[in-house]
Amino acid sequence: MQAVLPETELILIQIAQKYYPHTHFQIIPKFEFEVDNWIEMDFVAYLSESASGDRPHNNPFHKYYRRDRFDFNLAFALKDTRLFLSGDWHEVTLTLHYSLAGGCSWWDEGVRIARPRPHGDKLEAIAQEIYPMFKGG
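Since the structure is predicted, the reported quantities are computational estimates derived from the model, not experimental observations.

About the thresholds
Residues numbered from 1 in each chain as written. Predicted model: local features only at pLDDT ≥ 70, side-chain atom pairs only at ≥ 80, totals over all residues. Heavy atoms only, no water. Pairing = 2+ DSSP bridges. Helix = DSSP H or I, 4+ residues; strand = E, 2+ residues; numbered from the N terminus. Contact = heavy atoms within 4.5 Å. Axes fitted to C-alpha atoms, helices over the stretch in contact; angles between N-to-C directions.

(A) Geometry of the pairing of strand β5 (residues 92–99). Judged from the seven bridges that link them, strand β4 (residues 82–89) and β5 form a sheet pairing that is antiparallel. Opposite G87, over in β5, you have L94 as the bridge partner. What sits between the antiparallel neighbours β4 and β5 is a turn of two residues, in which H90 has the positive phi angle 50°. In this structure, β5 lies alongside strand β6 (residues 103–108), joined through six bridges in antiparallel fashion. Each bridged residue has a counterpart across the sheet, and for L94 the counterpart in β6 is D108.

See below:
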């Protein structure tokens, strides 16, 4: 698996935070893939300082600030340059498939669905901004 550089992680976090204001994201690379042609990472969400005046904990990534409904997973297939963003909504995992050729499509366990609300439009915008970073790399 290819590593993601710290500068790239910072840019990815800034893109996600643009669409989810008042949220910090921690990126956690995943190394479970047995195939070297994938990049995968989790975006773990926390309430930012700008959304809370009184902060009982100094660590911005303390469990007290978790916003798990904003978590999502990114996977990029280097071989065929497809980007996948997945998140849990209402006890199901929905996945956005994005590529230049195919645009955006949403899936729920192998069935194509309409864009989910309220996060679908935000994740589509994130995918469109993130995609060129991985496609070029």
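And the narrative resumes.
(B) Region of interest: the side chain of S48. Along the chain, the position of S48 falls in the loop between β2 (38–47) and β3 (72–77). If near-sequence neighbours (up to four positions away) are discounted, S48 is found in contact with H22, T23, H24 and R55.

(C) Layout of the pairing of β6. The turn joining β5 and β6, which pair antiparallel and follow one another in sequence, is formed by three residues. Linking β6 to strand β7 (residues 111–113), which pair antiparallel, is a turn of two residues; within it E109 sits at a positive phi near 50°.

(D) Looking closely at the sheet that holds β4. Pairing is antiparallel in the open sheet, where seven strands are placed in the order β1-β2-β3-β4-β5-β6-β7. Every interior strand has two partners, whereas the edge strands, β1 (23–29) and β7, have only one. Between one strand axis and the next, the sheet turns by 30° as a mean value, whatever way the strands run. Bridging between β3 and β4 involves five bridges; their strand directions are antiparallel. The residue of β4 that forms the bridge with L74 is L85.

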